[in-house]
Amino acid sequence: PFQNVGANGEIDYLRLALPDEIATTLSHARGLVVRPFAATRKYEQPDLDPQKAGKELRVNSIVTGHFVKEGEQLSITLEAVDVESNGVLWREKMEVPAQNLIATQVQITLRVQRGLVPALGASATELISKPTNEEAYDLFLRGKALAFDLKSIREAIQLLEKAVQLDRDYAPAWQALGVAYSHEAHYTRGGRGSLERSEAAMDRALALDPDYIDARVGRISNRIERGDLAGAYREAEELVRRHPNNPDVRFTLIYVLRFAGLLEESARQCEEAFSLDPKNPTTALRSCAMVFLLQRNYEHALNFLNHYRDHYSGSDFATSLSIDILLRQGKEQEALQLGLAHTPQWAGYGMLLAYLQHKSSAEVNVLAGKLRASDDPETNYLSASHLAYCGQTNAALKMLRRAIEGNYCSY
């Protein structure tokens with residue numbers, strides 16, 4: 001995150017928006033691997049030590065920056081630091097009109113493509129989609145920044161919906177809206193409707209920019225969760241053929257294979273994807289943790305989860321899946337010490353922990369009765385395993401049937 005070194009709190013959203021725009025530009029460069037922004041958000045302190053952060057992220061270079069609004073001007077300073085030597089590779093300062101964020105985007109993109117990318121030893125490619133409406137672009141930046149916080153997901157969606165109404169040809173806004181709808185579906189019980197809206201937004205982004213990898217990955221994920229495994233597999237396999245050295249693309253294929261129950265192939269792809277960039281703390285590592293859990297290779301599953309947890313501190317997903325792994329190993333006390341995940345669609349963990357704490361059968365029954373089927377069939381599979389563990393056999397069988405109906409094919 002960049003630092004707002006001025007007193008104007010109204011532009012704080014640029015702390016997330018500006019580096020995210022730079023990461024998007026860098027992700028189009030040949031020869032670079034860019035860490036996911038979710039992995040870098042914890043470095044918010046103003047006295048950031050780039051060398052220390054770089055070593056923790058296991059990268060060669062760190063891009064930092066700060067900005068200040070002075071009158072009608074926005075002053076932005078960008079800097080790239082070599083982690084090994086702690087030397088400055090590249091530095092730029094620019095002055096842009098504070099009310100013209102499109103001009104800011106153009107300036108940043110040009111300077112990153114012409115200065116930063118060569119300084120990092122890579123070659124730039126042209127971005128296809130460019131913003132054309134000032135208000136829409138401002139809404140996009142605000143909405144995308146808000147979408148990093150699940151508590152603000154509804155507000156983020158409203159901003160992004162307005163952004164795409166005002167500028168219907170800007171692919172990143174459609175992709176951001178698709179991601180926000182997906183988060184709404186998974187984390188706030190938005191349900192099937194949110195998932196369908198997510199897919200429609202991703203389709204629009206791909207119609208505008210057919211090579212938009214993030215949008216294609218998002219669409220494949222949506223297809224998987226609504227049970228279209230054959231369609232998701234064809235698209236994922238084609239994407240891997242076109243981008244064989246992109247770990248995130250390969251992790252998408254792993255996701256399809258896992259849902260299809262092809263665990264040996266999924267595990268093999270996990271090892272290949274990890275070997276492409278073993279330093280990359282991608283969120284997809286948790287996908288591999290699930291593969292190895294299903295294979296009963298629990299130590300390997302925990303290794304992937306711990307590698308993921310090192311870079312996504314406080315992750316509810318990592319905590320939840322660790323509980324599953326520990327219980328399958330018979331380590332009840334260790335599972336109990338991990339505490340409770342707070343994500344709505346994982347309500348089964350509350351029942352599970354109550355059972356482990358030897359709460360009354362009546363209390364466990366009440367919690368089991370509150371457990372509802374999800375639109376994500378894998379969540380239903382995990383909920384079924386929790387119900388079975390707690391002796392709720394009939395409810396577990398019903399939940400397993402829902403998982404199977406959703407084409408979740410792992411046993």
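Attention here is on the structure that accompanies the text. (Residues numbered from 1 in each chain as written. Predicted model: local features only at pLDDT ≥ 70, side-chain atom pairs only at ≥ 80, totals over all residues. Heavy atoms only, no water.)

Brief notes about unusual backbone geometry
Next, step 1: The residue R58 is not glycine, and still its phi comes out positive at about 60°.
Next, step 2: If you trace the backbone, R58 turns up in the loop between helix 3 (50–57) and strand 2 (61–70).
Next, step 3: The residue H358 is not glycine, and still its phi comes out positive at about 60°.
Next, step 4: Along the chain, H358 turns up in the loop between helix 17 (348–356) and helix 18 (361–369). (Helix = DSSP H or I, 4+ residues; strand = E, 2+ residues; numbered from the N terminus.)

So, the sheet that holds strand 4 (residues 88–97)
Strand pairing in a sheet is mediated by backbone hydrogen bonds. Such pairs are either parallel or antiparallel.
Next, step 1: Taken in spatial order, the four strands of this open sheet run 1-2-3-4, and their pairing is mixed. Whereas interior strands pair on both sides, the edge strands pair on one side only; in this sheet they are strand 1 (3–4) and strand 4.
Next, step 2: Pairing between strand 3 (residues 73–82) and strand 4: nine bridges, direction antiparallel. Looking at strand 4, one finds that L74 is bridged to V96. (Pairing = 2+ DSSP bridges.)

Side note on the environment of Q113
Next, step 1: Within the secondary structure, Q113 sits in helix 4 (residues 101–119).
Next, step 2: On the accessibility criterion, Q113 (13% relative accessible area) is buried.
Next, step 3: Residues Q113 and A98, 15 residues apart in the sequence, show an inter-C-alpha distance of 22 Å.
Next, step 4: Excluding residues within four positions of it along the chain, Q113 makes contact with T25, P118, A124, T125, E126 and L127. (Buried < 20%, exposed > 50% of the residue type's maximum accessible area, 1.4 Å probe, protein only. Contact = heavy atoms within 4.5 Å.)

Topic: the nonpolar core
Next, step 1: Membership of the largest hydrophobic core comes to 57 residues, with the highest contact counts inside it found for I224 and M290.
Next, step 2: No other element matches the eight residues that helix 11 (residues 247–259) contributes to this core.
Next, step 3: One finds I22, L116, L159 and L206 within the second-largest nonpolar core, a separate group that totals 54 residues. (Core = buried A, V, L, I, M, F, W, Y, C linked by side-chain atoms within 4.5 Å.)

Some remarks on the packing of aromatic side chains
Next, step 1: Here the structure, examined in full by the defined rule, presents seven aromatic pairs.
Next, step 2: Ring centres of Y255 and F259 lie 5.2 Å apart, and the angle between their planes is 85°; this geometry places the pair in the edge-to-face category. Of this pair, Y255 and F259 both sit in helix 11, four residues apart, roughly one helical turn. Like F259, Y255 is buried.
Next, step 3: Both rings, one in Y381 and one in Y408, keep their centres 5.3 Å apart while their planes meet at 40°; by these two values the pair is tilted. Here Y381 is found in helix 19 (residues 377–389), whereas its partner Y408 is found in the segment after helix 20 (393–405), with 27 residues between them in sequence. Per residue, the accessibility class of Y381 equals that of Y408, and both read buried.
Next, step 4: Taken together through their ring pairs, the aromatic side chains of Y255, F259, Y381 and Y408 make up a single cluster.
Next, step 5: Positioned above the aromatic ring of Y181 is the side chain of R197, whose terminal nitrogen or guanidinium carbon lies 5.6 Å from the ring centre. (Phe/Tyr/Trp six-rings, centres within 6.5 Å; stacked < 30°, edge-to-face > 60°. Lys NZ or Arg CZ within 6 Å of the ring centre and 35° of its normal.)

Let's talk about the state of the cysteines
Here, the word disulfide means a covalent bond between the sulfur atoms of two cysteines.
Next, step 1: Tallied over the full model, the rule gives one disulfide.
Next, step 2: C270 supplies the cysteine sulfur nearest to C409, a cysteine that is in no disulfide, at a spacing of 17 Å.
Next, step 3: Residue classification places C409 among the partly exposed positions, given a relative accessible area of 45%. (Disulfide = S-S within 2.5 Å.)

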